[in-house]
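# A closer look at the structure
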Amino acid sequence: PSTPDGDRRLTTLLDRWFDGRWRLAEVGLYVLAVIAAWLVRFVQDDAFITYRYARNLARGEGLVFNPGERVEGYTNFLWTVMHWLPEHYGWSTPVFSQVLGIALMVATVAVTLRLARRLFATESFAFLVALTLLANMTFLAYATGGLETMQQTLLVVSVAALLLPVTEVARPHDVARRVGAGVCAGLAVLTRMDSAVLVTVWVVAYLVAQWRRESATSRRTTTLVVSALQIGLPAAVLLVPWFLWKLDYYGELLPNTFYAKSAANPVVPFLYGV
């Protein structure tokens with residue numbers, strides 16, 4: 001039968017191993033992450049769509065797959081634009097995407113570690129959470145791949161970490177955390193539009209929790225509206241100009257791949273989303 005001591009054997013063992021040297025353990029975790037991700041690195045074929053758009057952008061042809069044809073055949077705007085850099089300077093774009101992806105993966109592990117510390121309030125359990133994440137082969141492999149997977153992951157997890165209340169009492173820095181969450185949410189949608197589903201869940205959960213915490217005060221509605229604006233406005237500042245540009249440049253708000261995949265039955269993408 002399970003016992004409290006038995007349930008904590010792994011964390012107790014970690015406490016004994018590191019003996020309070022958690023910062024050293026954290027550095028070791030990042031080194032392990034980099035080595036492991038590099039050993040299983042790869043570039044998938046879809047990434048070369050991104051690279052071609054970035055190459056044409058760097059050549060002055062615009063954000064197009066074929067010069068003169070304005071079709072949005074990518075779904076990762078921010079990631080594609082970032083790859084203007086290696087194309088412009090003549091670096092290896094696949095290697096650039098792999099190195100950048102691994103750096104973003106390490107940042108994701110770091111944010112996850114801090115999120116776990118706040119959730120579980122013990123260094124050993126937080127470390128175990130981060131170690132378990134690295135043991136997930138899908139997470140580790142998609143540190144590379146050439147696509148925006150890890151950038152989206154980092155930004156969505158950052159929204160969660162920023163919106164998780166530090167204490168039950170509101171603090172002045174809560175405003176900065178909400179604004180930061182809004183910026184990360186906007187960048188996540190710029191990276192991939194379907195990030196809107198994930199960040200919306202976090203924002204709604206945060207606002208519901210805040211509504212419950214403020215239930216005894218007369219300013220509950222005002223506080224909720226202000227919090228929503230502090231999150232929403234930074235995201236809107238990033239996204240509204242992008243949407244307007246898309247409508248002007250491509251003539252469509254959604255990428256061409258959406259229409260190509262849902263032309264036969266528009267209900268199917270919705271059901272997959274649900």
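In this report, the structure presented in the accompanying data block is examined. A quick note: this is a predicted structure, and the numbers were derived from the prediction, not measured.

### Comments concerning the overall build of the chain
A count of helical and extended segments in the chain gives 15 helices and 0 strands. Seen through its C-alpha atoms, the chain measures out along the principal axes to roughly 65 × 55 × 40 Å. When each of the 274 residues of the chain is scored for burial, the buried share is 40%. Pairs at least 24 apart in sequence give 71% of the contacts found in the chain among residues at least 6 apart. Counting only carbon and sulfur atoms, one obtains 66% of the accessible surface of the chain, whose full area is about 15,300 Å². Within the chain, one finds 23 positive and 19 negative side-chain charges whose respective centroids are separated by 6 Å.

### What to know about the side chain of Arg-178
With respect to the helices, strands and loops of the structure, Arg-178 is situated in helix α11 (residues 173-191). Look at Arg-178: it is buried, it has no salt bridge, and the nearest opposite charge is Asp-174 at 4.8 Å. In this structure the side chain of Arg-178 is engaged in a polar contact, spanning 2.5 Å, whose partner is the side chain of Gln-230. Once residues within four sequence positions are removed from consideration, Arg-178 is found in contact with Leu-163, Tyr-206, Gln-210, Ser-227, Gln-230 and Ile-231.

### What about the environment of Val-197?
Note that Val-197 resides in helix α12 (residues 195-213). Each C-alpha atom, one on Val-197 and one on Thr-11, is 34 Å from the other, the two residues being 186 residues apart in sequence.

### A closer look at the environment of Thr-108
Locating Thr-108 in the fold gives a position in helix α7 (residues 93-120). The exposure class assigned to Thr-108 is buried, which follows from its relative accessible area of 1%. Sequence spacing of Thr-108 and His-83 is 25 residues, and the spatial spacing of their C-alpha atoms is 20 Å. For Thr-108, the residues in contact, after removing those within four places along its chain, are Phe-139, Met-150, Thr-153 and Leu-154.

### Re the nonpolar core
Generally speaking, nonpolar side chains in soluble globular proteins are found buried as a group. Judged by nonpolar contacts, the single largest core of 33 residues is most densely connected at Met-105, Val-109 and Leu-134. Put simply, the parts of the chain that give this core at least two residues each are α3 (22-39), α7, α8 (123-134), α9 (137-141) and α10 (149-163). With 12 residues, α7 is the largest single contributor of residues to this core. Once residues lying within four places of it in the same chain are set aside, the contact partners of Met-105 are Ala-33, Val-34, Ala-37, Leu-134, Phe-139, Leu-140, Ala-143 and Met-150. Core analysis: the next-biggest nonpolar cluster, separate from the first, contains 13 residues, Leu-155, Val-156, Leu-207 and Ile-231 among them.

### Thoughts on the pattern of salt bridges
Taken as a whole and judged by the stated rule, the model has 8 salt bridges. Between Glu-123 and Arg-23 there is a salt bridge, with the nearest N and O atoms lying 3.6 Å from each other. Of the two residues, Glu-123 is situated in helix α8 and Arg-23 in helix α3; the sequence distance between them amounts to 100 residues. Residue Glu-123 is joined to Arg-117 by a salt bridge in which the shortest nitrogen-to-oxygen separation is 3.1 Å. Among the charged side chains, a network of salt bridges with common partners joins Arg-23, Glu-26, Arg-114, Arg-117 and Glu-123.

About the thresholds
Residues numbered from 1 in each chain as written. Predicted model: local features only at pLDDT ≥ 70, side-chain atom pairs only at ≥ 80, totals over all residues. Heavy atoms only, no water. Helix = DSSP H or I, 4+ residues; strand = E, 2+ residues; numbered from the N terminus. Buried < 20%, exposed > 50% of the residue type's maximum accessible area, 1.4 Å probe, protein only. Contact = heavy atoms within 4.5 Å. Areas by Shrake-Rupley, 256 points an atom, 1.4 Å probe, with all protein chains shown as cover. Lys, Arg positive; Asp, Glu negative; His and termini not counted. Charge placed at Lys NZ, Arg CZ, Asp CG, Glu CD. Salt bridge = Lys/Arg side-chain N within 4 Å of Asp/Glu carboxyl O. Polar contact = N/O pair within 3.5 Å; in protein donor to acceptor, adjacent residues only side chain to side chain. Core = buried A, V, L, I, M, F, W, Y, C linked by side-chain atoms within 4.5 Å.

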